Amino acid sequence: ASRYYAAPFSRAAGAIGSASIASLYLAVALWIVTDTYRRSDAISRRQIRWILLGAYAAAAPPLVVGALAAWDASYQSAVAVAASSLALIPLSQLIGISRFNFFDVDHLISQTASFSILAVVLLAILVGGVSSLTPPLARATGLGPPVLQAAMAVGLLALLRPAGRRLRPQVDRHFFPERFALERGGERLLEDLSGCADAKSLLELVWTRLEQLIAPLSISIFIRLGARFEPILARGSPLPEPWNVDDPLIASLEHVHFPITASTRSERVRLSPFPRAVMETLGVPCLVPIRRADHLFAFLCLGPKRSCDVYTSTDHALLAGLCQRISGELDRFDRDEVLRASQAAAERLRHYVGAPLSSRIDRGESPDVGAREVSVLFLDLRGYSVYAEALPPDRVFSTVNRYTLAVSEVIARHAGTLVAFEGDGMMAVFGAPDALARKERAAVVAGGEIVGAVAKLAVDEPGLSSVGVGIATGDAFVGSVRSSDRMFWTAVGNTTNRAARLQALTRELNASVVVDEATYDRSERAIAGFERHEGVAIRGHSRLETVYALPLRGT
């Protein structure tokens, strides 16, 4: 009364008295709140923080505008408008009492503290720095002081958000260390998931880290095994029991991708009374579904926190991100498993396909199709029919296996491609599918080494006599020939036929190797001892030709 009406005391006395009463009231209120906060449990403290946040948010605008009005009377009209923020006090009380977990109040306090610090700095700059910088800048730019002040204010406001992002972690570190540790630990957990090699190690890592970060009284992981979800990792009490896949609670998890609680209120998740009662009875305030290939693969049961605090929206955000990341990692395991199976199949297939062809397939390339100059080699094992007739099949198979291994090693060593194999006969191509600069020399050297390898084999198998090799060089059409169930890569044409006929001539000429004139001329005399035969009739050819033969006695 004295402050406004000068009765019963003077206005000065009224101002001093009202300020003293207000200060006493604030001091007593602060002491009551502090003592109550210290004696309260985690949930009550969260409610008190809501009320304090509302009181601060309500009082800050009138105080700031009042200070500005005391400094500049032009702000006096804004005091009444700023006082409308006092409506936040009953609103915060309502939230604190009925929906204290509506938002994460710690996050809001952190944001408010960061903004307040930056706002104080901004006001200090605007009041002090801007007014002193305006005159020299106006003279330098030619702009009016109001324009410069507005431009500098906008620039400072633009810096407010990035500065707030840097300041908020420091506020969390000092005032909310548990929350700060949870956010940082959650980020590290998401990064470490990519280092897991299988689902088991991934779930163990999640189970261990969540126990450290959230510190629940109980934590367990259930994984689907047949028609039930079995607990594979558990700590705390009571000990978990298996869940049937048709249980209503499991059905509630089947179609969600985020954590759910007994108090979940979502259009996507509507827990029926029975599942909600089950969660409350078992003391499981939070369930975290883990999906694999769009199906519920596992889920986590998180018990109450040891701190007796609730699961906040920050916890839910961390767990929701964890759900998505785990599902992605499980899909990666599936892709890796498919890739390993494909690689294993390709490795098994490699034994049935020649190295030049398999290497092209590995690179995603197809063998070339078309006309190509090649050197074709045919060979036949002499005495094979008589040898096979006198021995059991397993003995014959063992000999043929040794024979084909020795021949294929020689052909591969000289960059040839083994195309066909039938009993004791083989066909190889030099110069396709990969080009070979000295294909004629490579084919002739390979033929000579094959003769020597079979001679060594005949020492252990007396029934075998020798091998006949025919080599021809010329154009052939190379490509894949399709059968009803597979593809065969081969070379066809007159050159292939001529090589087969030259191989047949080895018996008539009593030779181990017979080559045509083109092959001999380009082979650079790779093997000495070849004899020239002119006017030789080759079956299927109308004209006589010149061939070169390596006598059988020379081997």
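Residues numbered from 1 in each chain as written. Predicted model: local features only at pLDDT ≥ 70, side-chain atom pairs only at ≥ 80, totals over all residues. Heavy atoms only, no water.

**Focus: the overall build of the protein chain**
Per the secondary structure count, the protein chain includes 18 helices and 14 strands. Buried positions account for 39% of the 555 residues belonging to the protein chain. Excluding contacts between residues fewer than 6 apart, the proportion of contacts in the protein chain whose partners are at least 24 apart in sequence is 62%. Carbon and sulfur atoms make up 60% of the accessible area of the protein chain, which totals about 30,900 Å². (Helix = DSSP H or I, 4+ residues; strand = E, 2+ residues; numbered from the N terminus. Buried < 20%, exposed > 50% of the residue type's maximum accessible area, 1.4 Å probe, protein only. Contact = heavy atoms within 4.5 Å. Areas by Shrake-Rupley, 256 points an atom, 1.4 Å probe, with all protein chains shown as cover.)

**Points about helix H17 (residues 494-508)**
Here H17 contains 15 residues, and its C-alpha end-to-end distance of 21 Å stays within 8% of the 21 Å for a straight helix at 1.5 Å per residue. Taken residue by residue, H17 has Thr495, Thr496, Arg498, Ala499, Leu502, Gln503, Leu505 and Thr506 as its buried positions. At the C-terminal side of H17, asparagine 510 shows a positive phi close to 50 degrees. (Expected span 1.5 Å × (residues − 1).)

**Some words on the packing of aromatic side chains**
Applying the stated criterion across every chain yields a total of four aromatic pairs. Taking the centre distance of 4.9 Å and the plane angle of 5 degrees together, the rings of phenylalanine 222 and phenylalanine 299 count as stacked. A residue pair is termed long-range when its members are at least 10 positions apart, and phenylalanine 222 in strand E1 (residues 219-225) and phenylalanine 299 in strand E6 (residues 295-302) qualify at 77 residues. Classification of phenylalanine 222 by relative accessible area gives buried; the value is 1%. The class of phenylalanine 299 is buried, set by a relative accessible area of 1%. (Phe/Tyr/Trp six-rings, centres within 6.5 Å; stacked < 30°, edge-to-face > 60°.)

**Regarding the packing of helix H8 (residues 177-192) against helix H9 (residues 199-213)**
Closest axis-to-axis distance for the H8/H9 pair is 10 Å, and the angle between their directions is 170 degrees. For the element pair H8 / H9, the angle class is roughly antiparallel. On H9, the residues that touch Ala181, Leu182, Gly185, Gly186, Arg188, Leu189 and Asp192 of H8 are Leu205, Val206, Arg209, Leu210 and Leu213. (Axes fitted to C-alpha atoms, helices over the stretch in contact; angles between N-to-C directions. Parallel < 35°, antiparallel > 145°, perpendicular 65-115°, else oblique.)

**What about the sheet that holds strand E4 (residues 260-261)?**
Spatial ordering of the open sheet is given by E3-E2-E1-E6-E5-E4, a layout of six strands whose pairing is antiparallel. Edge strands, defined here as strands with exactly one partner in the open sheet, are strand E3 (243-244) and E4. With five bridges connecting them, E1 and E6 associate as antiparallel partners. Opposite isoleucine 219, over in E6, you have leucine 302 as the bridge partner. (Pairing = 2+ DSSP bridges.)

**Observations concerning helix H15 (residues 393-413)**
With 21 residues, H15 ought to run about 30 Å at 1.5 Å a step, and its terminal C-alpha atoms sit 30 Å apart, in line with that. Among all positions in H15, only Val396, Thr399, Val400, Tyr403, Thr404, Val407, Val410 and Ile411 are buried. Taken around the axis of H15, the buried residues stretch over an arc of 130 degrees, which confines them to a single face. The exposed set on the far side of H15, more than 90 degrees from its buried face, consists of Asp394, Phe397, Ala412 and Arg413. Just past H15, the residue alanine 415 takes up positive phi, approximately 65 degrees. (Arc of directions from axis to C-beta.)

**Examining the pattern of salt bridges**
Tallied over the entire structure, the rule returns 23 salt bridges. In this structure, glutamate 204 and lysine 200 form a salt bridge, with 2.6 Å as the shortest nitrogen-oxygen distance. One end of the pair is glutamate 204 and the other is lysine 200, both in helix H9 and four residues apart, which spans about a single turn. Residue classification places glutamate 204 among the partly exposed positions, given a relative accessible area of 31%. Salt bridges sharing common partners tie together Arg46, Arg49, Asp106 and Asp309. (Salt bridge = Lys/Arg side-chain N within 4 Å of Asp/Glu carboxyl O.)

**Details of a nonpolar patch on the surface**
Residues Leu24, Val28, Trp31 and Ile32 make up a contiguous nonpolar surface patch of about 440 Å² in total accessible area. Locating valine 28 in the fold gives a position in helix H2 (residues 11-39). On the accessibility criterion, valine 28 (41% relative accessible area) is partly exposed. (Patch = residues over 30% accessible without salt bridge, like charges linked within 9 Å, V, L, I, M, F, W, Y side chains within 5 Å.)

**Structural notes on the environment of aspartate 104**
Among the secondary structure elements, aspartate 104 is positioned in the loop between helix H5 (88-98) and helix H6 (105-141). When the C-alpha positions of aspartate 104 and arginine 46 are compared, they lie 9.1 Å apart, and in sequence the two are 58 residues distant. The residues contacting aspartate 104, other than those within four sequence positions of it, are Arg46, Arg179, Thr312, Ser313 and Thr314.

**Re the confidence of the model for the protein chain**
The predicted model of the protein chain has a mean per-residue pLDDT of 79, with 81% of residues at 70 or higher. Mean pLDDT values over the elements of the protein chain span from 57, in helix H13 (residues 355-362), up to 92, in strand E12 (residues 511-516). (pLDDT = per-residue confidence, 0-100.)

**Some remarks on the environment of alanine 443**
With respect to the helices and strands, the residue alanine 443 is situated in helix H16 (residues 439-460). Take alanine 443: its relative accessible area is 0%, and that puts it in the buried class. Between the C-alpha atom of alanine 443 and that of glycine 431, which follows or precedes it by 12 residues, the distance is 9.5 Å. With near-sequence residues (within four places) excluded, alanine 443 lies in contact with Ser375, Leu377, Phe430 and Ile471.

**Digging into the side chain of threonine 495**
Relative to the helices and strands, threonine 495 is located in helix H17. Residue threonine 495 is classed as buried on the basis of its relative accessible area, which comes to 3%. Discounting residues that sit within four places of it in the chain, threonine 495 has contacts with Val374, Val376, Ala472, Thr473, Gly474 and Asp475.

**What about the pairing of strand E7 (residues 370-381)?**
Each regular strand shows side chains that alternate between the opposite faces of the sheet. Most of E7 sits inside the fold, with 10 of its 12 residues counted as buried. With six bridges connecting them, E7 and strand E9 (residues 425-430) associate as antiparallel partners. Across the sheet, leucine 377 pairs through a bridge with alanine 428, a residue of E9.

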